[in-house]
Amino acid sequence: AARRVPPGQSCAALVCAFGRGAVRALTQKGGQQCAAILRPLVPRAMLEDVVGLLAERLAETVVGNPVADRVTMGPVATRAQREEVVSKLALLRGEARVAYEQEALVPVGAPEGKGYYVSPTLLVVHDSEAAKHVHEHEVFGPAATVLAYDNLEHAAHLVRRGGGGLVAAVYCAD
C-alpha cells in the first residue's frame, strides 16, 4: 500500500506511524501472518532514517515465552518453520546487510531447548535491482528486508518483481 503524508501531518510523524505498524506486524505471532510487512520499499533519500527507526523499535522487542511478563514476541510454530526461517534468512543475507538482529538470543522465561525462537531480523538492500532472492522468497517469520527505491515508477517496478510475498508496503511522501 502506498502511503502519503496527509495534509497537516509531518513526514516524521508518518515515518513513526509506519515504524510502529511495521514492527508490530513483524513481531506479532512471530511474524507468521499474511499481512506482515516483509518487504517495505522506502525512498532512497530516507532509507537510513527509516532503517534506523525500525532497528530502534526492534531493539525493544523481548523474545521469549509469551506468558512471561516482559515478552513481546514468542516463538515460531514448529521446528520446521524455524529451520525454514533460518535458511531463507541465510539466503537473503547474501544480497543484503543486517541492520538489526539479536545475536545472542536467550528467550525470556523459556526453558533451555524449548520453543522455536528466532530473533527479529531487519535486512537492507541498497541495490534493489541487483537483488534477486528478496523478490522471490518470503520469510514467514520475524524478518523484513527494506528496499530502496528512486521514484514511484521504480517502486512500482519493485512491487511487480515481488513473486514471493503476499504483502508489500511502499512508504512515500512525494
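Owing to the predicted nature of the structure, the values given are computational and were not obtained by experimental measurement.

Asks: Residue-level account of the overall build of the protein, with values.
Replies: A count of helices and strands for the protein gives 5 helices and 6 strands. Sequence-ordered secondary structure for the protein, helices as α and strands as β, is β-α-β-α-α-β-β-α-β-α-β. Looking at the protein residue by residue over its 174 residues, the buried ones come to 45%. Counting contacts in the protein only where the partners sit at least 6 residues apart, residues at least 24 apart contribute 73% of the total. Per element, the accessible surface of the protein, about 8,600 Å² overall, is 53% carbon and sulfur.

Asks: Now, about helix 2 (residues 47-58): what can you tell me, with residues and values included?
Replies: With 12 residues, helix 2 ought to run about 16 Å at 1.5 Å a step, and its terminal C-alpha atoms sit 16 Å apart, in line with that. When helix 2 is considered as a whole, its buried residues turn out to be L47, V50, V51, L53, L54, A55 and L58.

Asks: Describe the confidence of the model for the protein, naming the residues involved and giving the relevant values.
Replies: Here the protein averages 84 in pLDDT, while 86% of its residues score no lower than 70. Mean pLDDT across the elements of the protein ranges from a minimum in strand 1 (residues 2-3), with 45, to a maximum in strand 3 (residues 97-100), with 96. Segment residues 1-5 is flagged for pLDDT under 50; beyond a separation of four residues in sequence, or across chains, it makes 18 contacts in the model.

Asks: Describe helix 5 (residues 152-161), naming the residues involved and giving the relevant values.
Replies: Of all the positions in helix 5, only H154, A155 and L158 are classed as buried. Looking straight down helix 5, one finds its buried side chains confined to an arc of 100°; they lie on one side. Residues of helix 5 that are exposed and point over 90 degrees away from its buried face: E153 and R160. Where helix 5 starts, the residue carrying a side-chain oxygen 3.1 Å from the main-chain nitrogen of E153 turns out to be N151.

Asks: Could you give me a rundown of the pattern of salt bridges, with the residues and numbers involved?
Replies: Under the definition given, this model contains 5 salt bridges. R44 is the partner of D150 in a salt bridge, and the nearest nitrogen-oxygen pair spans 2.6 Å. Of the two residues, D150 is situated in the loop between strand 5 (143-149) and helix 5 and R44 in the loop between strand 2 (40-43) and helix 2; the sequence distance between them amounts to 106 residues. Overall, R44 belongs to the partly exposed group, its relative accessible area being 37%. One salt bridge connects E101 with R93, and the closest N-O pair in it is separated by 2.2 Å.

Criteria and thresholds
Residues numbered from 1 in each chain as written. Predicted model: local features only at pLDDT ≥ 70, side-chain atom pairs only at ≥ 80, totals over all residues. Heavy atoms only, no water. Helix = DSSP H or I, 4+ residues; strand = E, 2+ residues; numbered from the N terminus. Buried < 20%, exposed > 50% of the residue type's maximum accessible area, 1.4 Å probe, protein only. Contact = heavy atoms within 4.5 Å. Areas by Shrake-Rupley, 256 points an atom, 1.4 Å probe, with all protein chains shown as cover. Expected span 1.5 Å × (residues − 1). pLDDT = per-residue confidence, 0-100. Arc of directions from axis to C-beta. Polar contact = N/O pair within 3.5 Å; in protein donor to acceptor, adjacent residues only side chain to side chain. Salt bridge = Lys/Arg side-chain N within 4 Å of Asp/Glu carboxyl O.

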